[in-house]
Amino acid sequence: MWKVQLFKLNYDKQESQAVKDVVDSGWITMGEKTKEFESNFASYLGGGVEAVAVSNGTAALHMALLALDVGVGDEVIVASLTFVADINVVKLVGATPILADCTSYEDWNISPADIESKITKKTKAVIVVHYAGYSCDMDAISNICKKYKIALIEDASHAPGAKYNGKYIGSIGDIGCFSFFTNKNLSVGEGGMVVAKDPKIVQSLRYFRSHGMTALTLDRHKGRAVTYDVEQPGLNYRIDEMRSALGVIQLSKLEKANKQRELLVKEYVRQLKDVNKINLPFLFQLENDKYLPSYHILPILLDVGIDRLSVIASLKDDGIQSSIHYPSFQEFTAYKDANLGKTPIANDISKRELTLPLYPTMTFEEVTLVCDALKRALV
Ligand SMILES: *Cc1c(COP(=O)(O)O)cnc(C)c1O
C-alpha cells in the first residue's frame, strides 16, 4: 500500500532461525537465552551496569519507579515531549507527574533550567527522554539531580547505542529503561530492559520482575532450588526466550543499523536543510564529538500556519507514510484536567511536528521520494 512506510523491521533468516532454535529446545520461558541477552546488553553499555530484561518498556519504567520507592505524595518531573507511558506510570504508582518543557526549538529535549525551576520538597525523581535518539544535556541534569538528591531515570527507549560524552545513554542516570517494541531501533515485538549500577536497585528490579521470588522456574527445573521465598511483593514482567533470542541477534546488528540510520539522516538533512516552511531539530548534535545519536526517528517542524493534516494527506497521496511524535498530554481525556505545569515550547512543537520514514534498510532513493513528496506537499 505504501511506497515508503514509516518503519520496516531489520530482520533476516537469523531472527527466524533464533526463534526456531528456542522453540525446538523445549525451554521457552525466561532462561539461559535471557541471561545471554542481559549479559550482552550490559557489556554493550560498557559493563558498568547490570541489565534486567522485561516484557516491555512500560514495565521497565514502572519497575524503575517501584525500585526507587516513588509513590503517594511524591512528585516526578517528566519530559513533556514523549510517549504517554512516562506519565502513566507516575500516575499509577500514586505520584504526581510534573512536566518540564523542551530546551528550545533546536533542542527538543527536557530543559535542565525548567527541571530546576519545578523542583519542590516533594520531588523524588526525574524521567528524561532522549527524544528521537538525541541525548539530553546529561551533565547539567546529573548535576541538578545530585544537588537536590533526586533520582535520575533515563527513558532510553529511542536511544539504544546512543552516546553522550563517550558514555552510553541509559548508563548515566540511576536507572535506564529501554523498549524493544516493534518500531524501535532494537526490535523484538514486545520487550524491554532496565539497567542500573546499584546492586540493591538491581536486586529490587529482579524481585519486581518476578513476584518477589528468590528462585526462578529455571533454577527449580535444573534442580538448583526446591522451593522459594518471597522477599517483597512483585509482578510478572518477565520476557520469554523467543524474544531474548531475537534481542541477542538484534543487539549484534545494532551498531551497523544505527550507522545506516545516520547516513540516511544526513541525506535527509542535505535534501531538506534549505527547504522553506520547515526546520530540522538537533542539527547541533550532528558532526559533534560530544554526541553519538541513535537516529530513532526523523522529526521535522512545520512553520506556523502550515496545515499539518493536509501535509500528511498529501504525503499519503504520494504513498508516503508519516506520523506525529507526540500529541501533547493535555489533549488526552485522562490528562486534560490535570495540572501538569506549563510547557509552552513542547505544546507548540506537538502541534507542528511531523515524523518522516526512517529505518536502517531504507534506500537513498526512498529518502529522495519522501523529500520530493514533502516539497510538493508544502507548496
Ligand atoms: C516505546 C516507548 C515507551 C514504551 O515502551 P513499550 O515497550 O511500548 O511499553 C516508553 N517511552 C518512550 C519514549 C517510547 O518511545
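Analysis parameters
Position numbers for residues start from 1 in each chain and track the written sequence from start to end. Reporting of local features is limited, given that this is a predicted model, to residues whose pLDDT is at least 70; pairs of side-chain atoms are given and counted only at 80 or more, and all residues count toward the totals for whole chains, interfaces and linings. Side-chain metrics rest on all non-hydrogen atoms present in the structure, leaving aside hydrogens and water. Labels follow the DSSP assignment, with helices taken as runs of H or I lasting at least four residues and strands as runs of E lasting at least two, numbered in each case from the N terminus. The globule rule is 2.2 Å times the number of residues to the power 0.38, and the radius of gyration it is compared with is taken over C-alpha atoms. Relative accessibility decides the category of a residue: with a 1.4 Å probe and only protein chains considered, values under 20% of the type maximum give buried, values over 50% give exposed, and everything between is partly exposed. Strands are treated as partners if at least two bridges between them are detected by DSSP. Between the N-to-C directions of two axes lies an angle of 0 to 180 degrees, each axis being a line fitted to C-alpha atoms and, for a helix, fitted only over the stretch in contact. Here, residues are in contact when the closest pair of their heavy atoms is within 4.5 Å. We count a salt bridge whenever a side-chain nitrogen from Lys or Arg sits within 4 Å of a carboxyl oxygen from Asp or Glu. As defined here, a cavity is a set of points on a 1 Å grid over the protein atoms alone where a 1.4 Å probe fits but cannot get out. A pocket is an open set with protein on both sides within 12 Å along at least five of seven lines, and residues line them when an atom is within 4 Å of a point. Grid points are joined across faces, edges and corners, and a volume is the space filled by probe spheres set on the points. Charged means Asp, Glu, Lys or Arg here, nonpolar means Ala, Val, Leu, Ile, Met, Phe, Trp, Tyr, Cys or Pro, and polar covers whatever is left, Gly included. Throughout, near means a residue has at least one heavy atom within 4 Å of the molecule or strand. Identification of polar contacts relies on pairs of N or O atoms within 3.5 Å, with a donor-acceptor requirement for protein atoms, meaning one able to donate a hydrogen and the other able to accept it, and with residues adjacent in sequence counted only if both atoms are side-chain atoms. Only the protein chains shown count as covering a residue, and every accessible area follows the Shrake-Rupley method with a 1.4 Å probe. In this description, a molecule resides in a pocket or cavity if more than half of its atoms sit within 2 Å of the grid points defining it. Boundary definitions for the domains trace back to an automatic or database domain assignment.

1. Here we look at the overall build of the protein
Item 1. A count of helical and extended segments in the protein gives twelve helices and 13 strands.
Item 2. For a compact globule of 379 residues, the expected C-alpha radius of gyration is about 21 Å, and the protein comes in at 21 Å, within 12% of that figure.
Item 3. Each principal axis of the C-alpha distribution contributes one length, and for the protein these read about 70 × 55 × 40 Å.
Item 4. Buried residues in the protein amount to 57% of all 379 residues.

2. Considerations on the sheet that holds strand β9 (residues 192-196)
Backbone-to-backbone hydrogen bonds pair the strands of a sheet. The strands run either parallel or antiparallel.
Item 1. Read across the open sheet, the seven strands follow the order β1-β9-β8-β5-β4-β2-β3; overall the sheet is mixed. Every other strand in the sheet has two partners, leaving β1 (50-54) and β3 (96-100) as the edge strands with one partner each. Pairs of neighbouring strands in the sheet enclose a mean axial angle of 20 degrees, with direction left out of account.
Item 2. Relative to β9, strand β8 (residues 175-179) runs antiparallel, the two sharing five bridges. Looking at the pairing, I175 lines up with A196 of β9.
Item 3. Relative to the sheet, helix α3 (residues 57-67) contacts β1, β2 (75-79), β4 (123-129), β5 (151-155), β8 and β9, its axis offset from that of β8 by approximately 165 degrees.

3. With respect to the pairing of β8
Item 1. Among the five residues of β8, five are classified as buried, and the element is accordingly described as predominantly covered.
Item 2. Burial of β8 is two-sided: the residues I175, C177 and S179 facing one way and the residues G176 and F178 facing the other way are all buried.
Item 3. Looking at chain direction, β5 and β8 are connected through three bridges and run parallel. Bridged to D155 within β8 is C177.

4. Regarding the pattern of salt bridges
Item 1. Counted according to the given criterion, the structure contains 18 salt bridges.
Item 2. In this structure, K124 engages D74 in a salt bridge whose closest nitrogen and oxygen atoms are separated by 3.9 Å. Residue K124 is located in strand β4, and its partner D74 is located in the loop between α3 and β2; the two are separated by 50 residues in the primary sequence.
Item 3. We classify K124 as partly exposed; its relative accessible area is 30%.
Item 4. For D74, a relative accessible area of 14% corresponds to the buried category.
Item 5. The partner of R270 in a salt bridge is E267, with the nearest N and O atoms 2.9 Å apart. Note that R270 and E267 are positioned in helix α9 (residues 241-272) at a spacing of three residues, about one turn of the helix.

5. Remarks on unusual backbone geometry
Item 1. Residues H325 and Y326 are joined by a peptide bond in cis, for which omega reads 5 degrees.
Item 2. Tracing the backbone through its elements, the reader meets Y326 in the loop between α10 (308-317) and α11 (344-352).
Item 3. Phi is positive for N165, which is not a glycine, with a value near 50 degrees.
Item 4. In the Ramachandran plot, Y295 falls in the positive-phi region, its phi being about 50 degrees despite a non-glycine side chain.
Item 5. In this structure, Y295 sits in the loop between β11 (291-292) and β12 (298-302).

6. Focus on empty space enclosed by the protein
The gaps left among the atoms become clear once a water-sized probe is rolled over them.
Item 1. All chains considered together, the criterion is met by four cavities of 30 Å³ or more.
Item 2. As for the largest cavity, its lining consists of Y134, V265, V269, L280, P281, L283, L286, L298 and P299.
Item 3. Looking at the lining of the largest cavity, the elements with two or more residues in it are α9 and β12.
Item 4. The class makeup of the residues in the lining of the largest cavity is nine nonpolar, no polar and no charged.

7. Topic: the site of the ligand
Item 1. Around the ligand, 16 residues are found, and the nearest of them are G57, T58, D155, S179 and K184.
Item 2. Between H158 and the ligand, the recorded distance is 2.9 Å, taken from a side-chain N or O atom to an oxygen atom.
Item 3. Between K184 and the ligand, the recorded distance is 3.1 Å, taken from a side-chain N or O atom to an oxygen atom.
Item 4. Taking 380 Å² as the accessible area of the ligand by itself, protein coverage stands at 92%.
Item 5. In this structure, the ligand is accommodated by the largest pocket.
Item 6. With three residues, α3 is the single largest residue contributor to the shell around the ligand.
Item 7. Split into classes, the residues belonging to the shell around the ligand amount to five nonpolar, eight polar and three charged.

8. Overview of the layout of surface pockets
Item 1. Space inside the largest pocket adds up to approximately 390 Å³.
Item 2. Together, 27 residues line the largest pocket, and F83, S179, F181, K184 and Y326 are the ones closest to its centre.
Item 3. When residues of the lining of the largest pocket are traced back to their parent elements, those giving at least two are α3 and α4 (85-92).
Item 4. Looking at the lining of the largest pocket element by element, the count peaks at three residues for α3.
Item 5. Classifying every residue of the lining of the largest pocket gives twelve nonpolar, eleven polar and four charged.
Item 6. Two domains share the lining of the largest pocket, each providing at least three of its residues, namely domain 1 (13-251) and domain 2 (254-378).

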